[in-house]
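Each chain, letter by letter, is given below.
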Amino acid sequence: MIERLRKGEGPRLRAIRLRALADAPDAFGSTFEVAERKGPEDWETQVERLPTFVWREGDTDLGMVRGAPHDGDADAGYLISMWVAPEARGRGVGAALVGEVIAWARGRGLRRLVLDVGAHNEPARRLYERLGFAATGATGALPPPRDRLRELEMTIDLVIDLAGHDPAAPHHTL
Ligand SMILES: CC(C)(COP(=O)(O)OP(=O)(O)OC[C@H]1O[C@@H](n2cnc3c(N)ncnc32)[C@H](O)[C@@H]1OP(=O)(O)O)[C@@H](O)C(=O)NCCC(=O)NCCS
């Protein structure tokens, strides 16, 4: 089930984020080495500032995602830090986590969500496309020394139009 991390759960964020960075280093701009050195207050601040959703089975966190404000567009939010543990992949956990960030963004009245995905990252690109995200055409790169890895920007429109067409609904329900 999905839980939103609360104040005081910085250690829980640290544990799953370090596992994500170790497992999929090229999927993220941050690195394990830098994250590992951050102190407890830093993790706590992240939990308090960014909505953080985790997928929990029994007493283990097996997936996470976060939302963030967009730095240049007050109508938009970012979806960041998406990761599902290898043993939990291929079961729709990623889709469920994206759904939480969409709900968070809608709750804040945001009109679109934006994310960056590695051009090489086929499973993630397919997941986002299946959920209704589309490439904007903007591209970037991971920070050096990994700048040979290209990133594609994708976005989803969160505004439901008057005809009832919901652009964020999975395609099979349209
Ligand atoms: C991308 C990611 C979050 C998808 O999570 P997920 O819960 O497996 O998502 P889904 O169950 O919807 O499956 C997504 C795709 O992975 C494929 N997949 C299925 N089983 C899989 C498995 N055991 N291992 C890897 N991929 C698998 C599926 O084919 C599916 O593709 P489809 O859309 O063609 O069906 C996950 O693979 C992951 O954490 N990857 C490493 C980190 C990462 O890339 N994060 C994204 C940063 S932008």
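Residues numbered from 1 in each chain as written. Predicted model: local features only at pLDDT ≥ 70, side-chain atom pairs only at ≥ 80, totals over all residues.

Participant: Tell me about unusual backbone geometry, and name the residues and values.
Facilitator: In this structure, the amide linkage connecting P144 to the following residue, P145, adopts the cis form with an omega of 5°. Locating P145 in the fold gives a position in the loop between strand 6 (134-141) and strand 7 (150-157). Even without being glycine, S81 reaches a positive phi, approximately 65°. Structurally, S81 can be placed in strand 4 (residues 76-84). Look at S81 and you get buried, because 25 C-beta atoms sit within 10 Å. (Helix = DSSP H or I, 4+ residues; strand = E, 2+ residues; numbered from the N terminus. Buried ≥ 20, exposed ≤ 12 C-beta atoms within 10 Å, placed from the backbone.)

Participant: Could you give me a rundown of the site of the ligand, with the residues and numbers involved?
Facilitator: Every one of the 19 residues lining the ligand counts as a neighbour, but A27, R89, G90, G94 and P123 are closest to it. Those elements that provide at least two residues to the shell around the ligand are strand 4, helix 4 (93-107) and helix 5 (122-130). No other element matches helix 5, which puts 5 residues into the shell around the ligand. (Near = placed C-beta within 6 Å.)

Participant: Please give an account of the sheet that holds strand 6 that cites residues and values.
Facilitator: Read from one edge to the other, the open sheet built from 7 strands follows the order 1-2-3-4-5-7-6, with strand pairing classed as mixed. Whereas interior strands pair on both sides, the edge strands pair on one side only; in this sheet they are strand 1 (2-4) and strand 6. Pairwise comparison of adjacent strand axes, ignoring direction, gives a mean angle of 25° for this sheet. Lying over the sheet, helix 4 contacts strand 1, strand 2 (52-57), strand 3 (60-69), strand 4 and strand 5 (112-118), oriented at roughly 30° with respect to strand 3. (Pairing = 2+ DSSP bridges. Axes fitted to C-alpha atoms, helices over the stretch in contact; angles between N-to-C directions. Contact = placed C-beta atoms within 7 Å.)

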